[in-house]
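Structural characterization, general
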Amino acid sequence: MNENRGSRYHRLRRRAVMASALAGAGWLILLIVSGGSGALAHAAGTATAALPPAAGRVVAIVMFVAIVRAGYEAATFPFTLFRGFLLDRKYGLSSEPFRVWIADHVKALALSLLLIVAAALVVSAATVRADRWWWAAAAAAFALAAIVLANLAPVVLMPLFYRFKPLEREALRERLLTLSERAGIKVLGAFEWGLGAKTSRANAALVGLGRTRRILVSDTLLSAYSDDEIEVILAHEIAHHIHYDIWSALALECAVLAVSLFAGDVMVRIAGPRFGIDGPSDLAALPLIALTAGLVSVLLTPVANAWSRHNERRADRFALALTERPAAFISAMRRLGAQNLADEHPSTAVFWFFHTHPTIDERIEAAKQFRAA
């Protein structure tokens, strides 16, 4: 097969992603069809029967979710290890020792368990209070939670995995802050993002909302890219805030989630009785809801990705217009594509299901046309 290093890397990564998804789905299917989900729900209910009803329900949900999540982790961990550590090490994208990677993985696992428990509690409450409209109420609650998490990410979540410090290059800091001010975006400050201790990838971001919004520039970007290149990369990130892309992405995700949960509700009502599931409010229904919602979300992925690529193209145009530095944009795209091992020539199916950004070649060609104009 005639493929470059980046294409080979992404092909192996996609296989690991799909294998992990199939293994996780297989675990949920096993729980459902074997009656394990119902047995586990019954055991959790029995174990908490002595507690007051409300407290007992909460504890039972925590127990149920913890066991289901543990099984899911056991089924998917080999593929996560391959994708997140072994493959990145092989292709020179990871610089962190295994002990650091596994520590980060444990932290991410704890966070995911906390969020899944919270989501299960929301779904449980919604099925009781909103009855047949529980899926809409749950989707609305998840949308609010996503807004809160977007605010908290730079001050609570990201520092769990990376170190940050004020950007020390004064000239570049002032240049980036001036660029943000000129675009009409208020930021808390500019910070150096310690990616280099874990990966060779380079990146910049404008994260947070409102008072938590801040500029992040990775140390891997600072060490190898010119100020012009960094400026045009940040201008692209600024565009997402100018055009409210974060809000539109949240709205689309909420819509996809609502459709997915509705499909879960339909599946539970139609197929649930075959597996001893009484309805959406039954604790045993959670794996079936998760499985169905996950499948629908996958099927709708091309829609979300197409919207994301639309936003990315618009952000590129904004960055070029704001900075008027097409040469810096082109060189930055080429270098980022090489450094981050971009998949330069994906197939149509891969492009629609896995690519949230246009290809590097498309972005460079658009910048060339801007320069010519």
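The following paragraphs examine the structure supplied in this document.

Thresholds applied
- Residues numbered from 1 in each chain as written.
- Predicted model: local features only at pLDDT ≥ 70, side-chain atom pairs only at ≥ 80, totals over all residues.
- Heavy atoms only, no water.
- Helix = DSSP H or I, 4+ residues; strand = E, 2+ residues; numbered from the N terminus.
- Buried < 20%, exposed > 50% of the residue type's maximum accessible area, 1.4 Å probe, protein only.
- Contact = heavy atoms within 4.5 Å.
- Pairing = 2+ DSSP bridges.
- Axes fitted to C-alpha atoms, helices over the stretch in contact; angles between N-to-C directions.
- Salt bridge = Lys/Arg side-chain N within 4 Å of Asp/Glu carboxyl O.
- Parallel < 35°, antiparallel > 145°, perpendicular 65-115°, else oblique.
- Nonpolar A, V, L, I, M, F, W, Y, C, P; charged D, E, K, R; others polar.

Some words on unusual backbone geometry
- Phi at Tyr-244 takes a positive value of approximately 55°, unusual for a residue other than glycine.
- Following the sequence through the fold, Tyr-244 ends up in the loop between helix 8 (227-242) and helix 9 (245-271).
- Of note in this structure, Leu-341 is not a glycine but carries a positive phi near 55°.
- Inspection of the secondary structure puts Leu-341 in the loop between helix 12 (326-339) and helix 13 (348-354).
- Given the relative accessible area of 8%, Leu-341 is considered buried.

Things to note about the environment of Cys-254
- With respect to the helices, strands and loops of the structure, Cys-254 is situated in helix 9.
- Here the alpha-carbon distance between Cys-254 and Ala-139, two residues 115 residues apart in the chain, equals 6.1 Å.
- Residues within four places of Cys-254 in sequence aside, it is in contact with Ala-139 and Ala-143.

Some words on the sheet that holds strand 1 (residues 164-166)
- Pairing within the open sheet is mixed, and its 4 strands lie in the order 1-2-4-3. Where the open sheet ends on each side, the last strands, each with one partner, are strand 1 and strand 3 (204-207). Neighbour to neighbour, the strand axes of the sheet diverge by 30° on average, direction disregarded.
- On the sheet, helix 6 (residues 170-183) packs against strand 2 (190-193) and strand 4 (214-218) and is oriented at approximately 135° with respect to strand 4.
- Contacts between helix 8 and the sheet are confined to strand 3 and strand 4, with strand 3 contributing the most and set at about 30° to the helix.

So, the pattern of salt bridges
- The full count for this structure, using the stated rule, is 19 salt bridges.
- Between Asp-227 and Arg-169 there is a salt bridge; the shortest N-O distance is 2.5 Å. Taken as a pair, Asp-227 in helix 8 and Arg-169 in the loop between strand 1 and helix 6 lie far apart in primary sequence, 58 residues in all.
- Looking at Asp-227, the relative accessible area reads 23%, which means it is partly exposed.
- Here Arg-169 falls in the partly exposed class, since its relative accessible area comes to 32%.
- Notably, a salt bridge pairs Asp-228 with Arg-325, separated by 3.6 Å at the nearest N-O pair. Residue Asp-228 is located in helix 8, and its partner Arg-325 is located in the loop between helix 11 (301-323) and helix 12; the two are separated by 97 residues in the primary sequence.
- Through salt bridges with shared partners, a single ionic network connects Arg-175, Asp-228, Glu-231 and Arg-325.

Here's the deal with the environment of Glu-168
- Tracing the backbone shows Glu-168 in the loop between strand 1 and helix 6.
- Separated by 22 residues in sequence, Glu-168 and Ala-190 have C-alpha atoms that sit 9.1 Å apart.

Quick look at the packing of helix 12 against helix 14 (residues 360-372)
- Closest axis-to-axis distance for the helix 12/helix 14 pair is 9 Å, and the angle between their directions is 170°. On the basis of their axis angle, the class for helix 12 and helix 14 is roughly antiparallel. Residues Pro-326, Ala-327, Phe-329, Ile-330, Met-333, Arg-334 and Gly-337 of helix 12 form the contact with helix 14, whose own contacting residues are Ile-360, Arg-363, Ile-364, Ala-367, Lys-368, Phe-370 and Arg-371.
- Of the residues belonging to the contact of helix 12 with helix 14, the class tally is 9 nonpolar, 1 polar and 4 charged.

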